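Descriptive analysis of the structure
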Amino acid sequence: MEEALKEAKKAAAMGEIPIGAVIVKDGEIIGRGHNETETGCDPTAHAEIVAIRQAAKRLGGWKLPGCSMYVTIEPCSMCAGAIVWSRIEKLYIGSMDPKAGACGSVFNIPQEKKLNHFVEIETGVMQAECSGIIRDFFKQLRKNKAEEKHQ
């Protein structure tokens, strides 16, 4: 999760929502990602999708058997679907997202019995650090917007 946090910090430095993800296979990181939606003008460039694309290229195929993903914030429905379709086996989540999370909060797509793949999920991994980086980001964003209004 420490590596996913490093990715989240990269996103924050770019002005992106600070979410980071890494994919691990056999103890080695094979995919990394951080949000790039604003800088890339791409609504699908979430940290999880970026990491999945990188891992798939590295392995030479779209299926990621034997892989685990570490992500700082609970994935949205798009990312949860990609996690299922890519056949990731285990998902480690730092902090849950009660507004848009699709891995246990609002929905639980990776563990939907009607789908053809079931993902193990562990939550609360480095929760304080993961929730802190996003909380601080939005706090600063609100402060900046308030200052702009008063100028």
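Just so it is clear, the model here is predicted, and its values are computed rather than measured.

Analysis parameters
- Residues numbered from 1 in each chain as written.
- Predicted model: local features only at pLDDT ≥ 70, side-chain atom pairs only at ≥ 80, totals over all residues.
- Heavy atoms only, no water.
- Patch = residues over 30% accessible without salt bridge, like charges linked within 9 Å, V, L, I, M, F, W, Y side chains within 5 Å.
- Areas by Shrake-Rupley, 256 points an atom, 1.4 Å probe, with all protein chains shown as cover.
- Salt bridge = Lys/Arg side-chain N within 4 Å of Asp/Glu carboxyl O.
- Lys, Arg positive; Asp, Glu negative; His and termini not counted.
- Charge placed at Lys NZ, Arg CZ, Asp CG, Glu CD.
- Helix = DSSP H or I, 4+ residues; strand = E, 2+ residues; numbered from the N terminus.
- Phe/Tyr/Trp six-rings, centres within 6.5 Å; stacked < 30°, edge-to-face > 60°.
- UniProt positions renumbered as here; feature names shortened; annotations may be inferred.
- Contact = heavy atoms within 4.5 Å.
- Buried < 20%, exposed > 50% of the residue type's maximum accessible area, 1.4 Å probe, protein only.

1. Observations concerning a positive patch on the surface
On the surface, a cluster of positive charge is contributed by Lys99, Lys139, Arg142 and Lys143. Note that Arg142 resides in helix α5 (residues 127-149).

2. Points about the packing of aromatic side chains
The final tally for this structure, using the stated rule, is two aromatic pairs. Seen from their ring centres, Tyr70 and Tyr92 are 4.4 Å apart, and the 10 degrees between their planes marks the pair as stacked. You can see Tyr70 sitting in strand β3 (residues 67-73) and its partner Tyr92 sitting in strand β4 (residues 90-95), a full 22 residues away along the chain. Considering the side-chain rings of Phe137 and Phe138, the 5.3 Å spacing of their centres and the 80 degrees angle between planes classify their relative orientation as edge-to-face.

3. Overview of the UniProt feature "binding site: Zn(2+)" (unreviewed entry) in the protein chain
With numbering matched to this structure, UniProt assigns "binding site: Zn(2+)" (unreviewed entry) to His46, Cys76 and Cys79. Spanning 34 residues, the annotated positions come together in the fold, the maximum distance between their C-alpha atoms being 9.2 Å. Those residues within four positions of Cys76 in sequence are excluded, and the remaining contacts are His46, Ala100 and Ala102. Structurally, the position occupied by Cys79 is in helix α4 (residues 77-85). Overall, the relative accessible area of 0% leaves Cys79 in the buried class. Among residues more than four places away in sequence, those in contact with Cys79 are His46, Glu48 and Ile49.

4. What to know about the pattern of salt bridges
Evaluation of the coordinates by the stated rule reveals eight salt bridges. Across the salt bridge formed by Arg32 and Glu3, the nearest N and O atoms sit 2.7 Å from each other. Here Arg32, found in strand β2 (residues 28-34), pairs with Glu3, found in helix α1 (residues 2-13); they are 29 residues apart in sequence, far enough to count as distant. Residue classification places Glu3 among the partly exposed positions, given a relative accessible area of 23%. Between Glu7 and Arg32 there is a salt bridge, with its nearest N and O atoms 3.3 Å apart. Within this pair, whereas Glu7 is found in helix α1, its partner Arg32 is found in strand β2, the two being separated by 25 residues in sequence. Given a relative accessible area of 2%, Glu7 falls into the buried group. You can call Arg32 partly exposed: its relative accessible area is 27%. Overlapping salt bridges, with partners in common, bring together Glu3, Lys6, Glu7, Lys10 and Arg32 in one network.

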